[in-house]
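Observations on the three-dimensional arrangement
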Amino acid sequence: MVDQEQYVRYREDSKVLAAIGEHVETQVGRVTVRLPRAVAEAAVDAWERDELSGLAPESHEQYMVRDRAAELAFIGLAISQHGRWEGEEVVIDLDVASAGAALRASQ
């Protein structure tokens, strides 16, 4: 049996994490990053892709994969709108949340 009290604590911990996030965003906001051309182009491709099928019920893993794909698409949007190409790299100011999502996906 799962201890429901622990989930009450987790919800409270989540609120504290969100409060920290609010402070981080006001202090950092955007992060300038350099991305290799192939990665940047793949991100833009994700933004430009049309997903025409509806969503079926999905597992937690499927939800997480779809959420990461959405984060990639938003990075692709930022690249297509504000990216500055320098040779084989693109320089882009990413929202700290998008940069964090990419970092979490890499771990």
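Residues numbered from 1 in each chain as written. Predicted model: local features only at pLDDT ≥ 70, side-chain atom pairs only at ≥ 80, totals over all residues. Heavy atoms only, no water.

Moving on, we come to the nonpolar core. In terms of nonpolar packing, the biggest core is built from 10 residues, these being Leu35, Ala40, Ala43, Val44, Ile75, Ala78, Ile79, Val90, Ile92 and Leu94. Those elements that provide at least two residues to this core are helix H2 (37-48), helix H3 (60-82) and strand S3 (89-95). With residues near it in sequence (within four places) discarded, alanine 40 still touches Leu35, Ile79, Trp85 and Val90. (Core = buried A, V, L, I, M, F, W, Y, C linked by side-chain atoms within 4.5 Å. Buried < 20%, exposed > 50% of the residue type's maximum accessible area, 1.4 Å probe, protein only. Helix = DSSP H or I, 4+ residues; strand = E, 2+ residues; numbered from the N terminus. Contact = heavy atoms within 4.5 Å.)

Let's shift gears to the environment of leucine 72. With respect to the helices and strands, the residue leucine 72 is situated in helix H3. For leucine 72, a relative accessible area of 36% translates into the label partly exposed. Expressed as a C-alpha distance, the spacing of leucine 72 and serine 98, which sit 26 residues apart in the sequence, is 8.2 Å. Filtering out sequence-adjacent residues up to four positions away, leucine 72 remains in contact with Ala42, Ala43 and Ala46.

Before going further, it helps to spend a moment on the side chain of serine 98. Among the structural elements, serine 98 can be located in helix H4 (residues 96-106). Here serine 98 falls in the buried class, since its relative accessible area comes to 12%. Beyond its immediate sequence surroundings of up to four residues, serine 98 is in contact with Glu71 and Ile75.

Per the stated rule, a full pass over the model turns up 2 aromatic pairs. Note on tyrosine 7 and tyrosine 10: the rings are 5.2 Å apart at their centroids and 85° apart in plane angle, and the pair reads as edge-to-face. With tyrosine 7 and tyrosine 10 both in helix H1 (residues 4-27), this residue pair falls 3 residues apart, about one helical turn. Between tryptophan 47 and phenylalanine 74 the ring centres are 6.5 Å apart and the planes differ by 35°, which places this aromatic pair in the tilted class. Placement of the pair is tryptophan 47 in helix H2 and phenylalanine 74 in helix H3, with a sequence separation of 27 residues. A cation sits over an aromatic face here: arginine 37 above tryptophan 85, 4.4 Å from the ring centre. (Phe/Tyr/Trp six-rings, centres within 6.5 Å; stacked < 30°, edge-to-face > 60°. Lys NZ or Arg CZ within 6 Å of the ring centre and 35° of its normal.)

The analysis is restricted to geometry; functional conclusions fall outside its scope.
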